[in-house]
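Per-entry structural report
One letter stands for each residue in the lines below.
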Amino acid sequence: MKRYERFADEIAELIRNGVLAPGGRIPSVRQASRQYGISPSTVFQAYYLLEDRGLIVARSRSGYYVREQAQRVLHEPRMTPSRQEASDVSVSELAFSVLDSLQDTATVPFGSAFPSPDLFPLARLARSMAKGLRGMSGDDILKDMTAGDADLRRQIVLRYTLKGMPLPPDELVITSGAMEALNLGLQCVTSPGDLVAIESPAFYASLQILERLKLRAVEIPVHPREGIDLAVLADSLARLPIKACWFMSHLQNPLGASLDQEKKRELYTLIKRHQVPLIEDDAYAELHFSTSPPKPVKQFDDEGLVIHCGSFSKSLAPGYRVGWVAGGRFAERISRLKLMTTISPSVPAQAAIADYLQHGGYDRHLRQLRHALETQQGQMLAAASRCFPDETRATRPTGGYFLWFEFPERVDSLRLYRMALEQGISVAPGPIFSATRGFRHCLRLSYGHPWTPRSEAAMETLGELVDAF
């Protein structure tokens, strides 16, 4: 990373943390140059970059100021208590309905679970795939089908190591995306009828998996900023025969909440005390906006209890369906289970990602992607502050590409979903994120696509539809 990019990220962090408030003046070029020991040209380059990201604005003969992206601040959603008893899961039909709505490219994709393909280096990945295939023999293809591409495994292990989490290579299993990793992890530690602790609200795909495997959900409430309620989890683990936990400790979908380091340690202490495995869904790990990458609960795992799952679908290669699982003490069982199902993800796709990680500038791409998503988050929040009713509440996550909106109780998000679809707008209604069909007045919107006048018009339409309730 160049010096001006590092300095820009430092200023962006001060803005995110509220040290530099909206509308406030940031240090002048001369002050910043003197204070940080960098050249004026470096400061100018950093400020130009922050302008491009929509974080600051230049005022003639006055200097640079933090952009006021919203006329009013949307308050944080309230934490909704959940029933901490086992419940059956039935959300698939509703979830499929939302997914079907995204097939029409004319629809504004606020309900999408993926960022825009335009944000990813697809042409460069195609060249990496061609390069990887040229150097691959038939023996290589057969050899790597079970364990996964050797170069890709080395690159993933290296990224764990650079985060301060050395990982034994034989613990790693390459999978067909994070969903297969999560499926395998859950299947190897549960049987039909078992209880699984999940978040509330939870990513609808996790609910669909529980439904398919005939598992029962114990919903643990999630604070919209601080993550799962550990006191409720402790009580549930003490009272109920929970066989596994399935949580996103960082940038949780749909809220974007993240546990801090101390709470991650406390979470691991809890599961270790009860010897309950944790399936840690970390698919959004690389989409943080902070200058220092957060570490998962896996960092504390000294007994192999954490099944850590990741993917390149959200950060690099949507559609390639390449993920992985670091299975801890369950690695061999997961590997055998995989051989009984899919055998291997696409070998060419694995070779492409391995080459890109080694030669394509992955970290540079990630910086650009994070900057784009942070800018788009500000644009959606600004539009929501202008277009949505005064009682609206919204999250402001430190990464990812989702916002969770809480409307007044009179708003029915299922009706709103159907009304919006008639206007060519896809949204994700709250009930698909709950085993008990809760959060009926809530909505998840994606800011994962570049902001356009069409996006702005869609927010205005949504505001009018909400006002009609």
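Anything mentioned here points back to the structure above.
Figured I'd write up the structure that's included with this text. (Residues numbered from 1 in each chain as written. Predicted model: local features only at pLDDT ≥ 70, side-chain atom pairs only at ≥ 80, totals over all residues. Heavy atoms only, no water.)

1. A word on the side chain of Asn183
What counts is decided by this rule: To qualify as a helix, a DSSP run of H or I must reach at least 4 residues; to qualify as a strand, a run of E must reach at least 2; elements of each kind are numbered from the N terminus. Contact definition: two residues touch when any of their heavy atoms are within 4.5 Å.
Relative to the helices and strands, Asn183 resides in helix H8 (residues 177-189). The contacts of Asn183, once residues within four sequence positions are left out, are Ile209 and Arg212.

2. Topic: the sheet that holds strand E10 (residues 306-311)
The condition that has to hold: Strand pairing follows a simple DSSP-based rule, namely that at least 2 bridges must link the two strands.
On the basis of which strands lie adjacent, the open sheet formed by eight strands has the order E4-E11-E10-E9-E8-E5-E6-E7 and mixed pairing. The open sheet has two edge strands with one neighbour each: strand E4 (172-175) and strand E7 (227-228). When E10 meets strand E11 (residues 323-326), the two strands line up antiparallel, connected through four bridges. In the sheet register, His308 faces E11, and the bridge partner there is Ala326.

3. Quick word on the packing of aromatic side chains
As a reminder, the rule being used: Whether two aromatic rings pair depends on their centres lying within 6.5 Å, for rings of Phe, Tyr and Trp, where Trp uses its six-membered ring; planes under 30 degrees apart make the pair stacked, over 60 edge-to-face, and the rest tilted. Throughout this description, buried means an accessible area under 20% of the type-specific maximum (1.4 Å probe, protein chains only), exposed means over 50%, and partly exposed covers the range between.
If you walk through the whole model with that rule in mind, you get 18 aromatic pairs. Judged by centre distance (6.1 Å) and plane angle (15°), the ring pair of Phe110 and Trp451 falls under stacked. Taken together, the residues span a long stretch of sequence, with Phe110 in the loop between strand E3 (108-109) and helix H5 (122-134) and Trp451 in the loop between strand E16 (442-446) and helix H16 (453-467) at a distance of 341 residues. Across the pair, exposure class does not vary: Phe110 and Trp451 are buried alike. Judged by centre distance (4.9 Å) and plane angle (50°), the rings of Phe203 and Tyr204 are tilted.

4. Here we look at the nonpolar core
We apply this condition: What we call a nonpolar core is a set of buried Ala, Val, Leu, Ile, Met, Phe, Trp, Tyr and Cys residues that are connected through their side-chain atoms within 4.5 Å.
Membership of the largest hydrophobic core comes to 81 residues, with the highest contact counts inside it found for Phe110, Leu233, Leu267, Leu445 and Met459. Ranked by size, the runner-up nonpolar core spans 26 residues in total, among them Ile198, Ile209, Leu215 and Trp246.

5. Some details on helix H11 (residues 261-274)
This is how it is decided: Multiplying 1.5 Å by the residue count of a helix minus one yields the expected span of that helix. Regarding the arc, it is the one traced by the directions from the helix axis to the C-beta atoms.
Here H11 spans 20 Å end to end across 14 residues, near enough to the 20 Å set by a 1.5 Å rise per residue. For H11, the complete set of buried residues consists of Lys264, Leu267, Tyr268, Leu270 and Ile271. The buried residues of H11 occupy one face: seen down the axis, they fall within an arc of 155°. Facing away from the buried surface of H11 by more than 90 degrees, the exposed residues are Glu262 and Arg273. Where the residues of H11 are buried, they touch E7, helix H10 (230-239), strand E8 (242-247), strand E9 (278-281) and E10.

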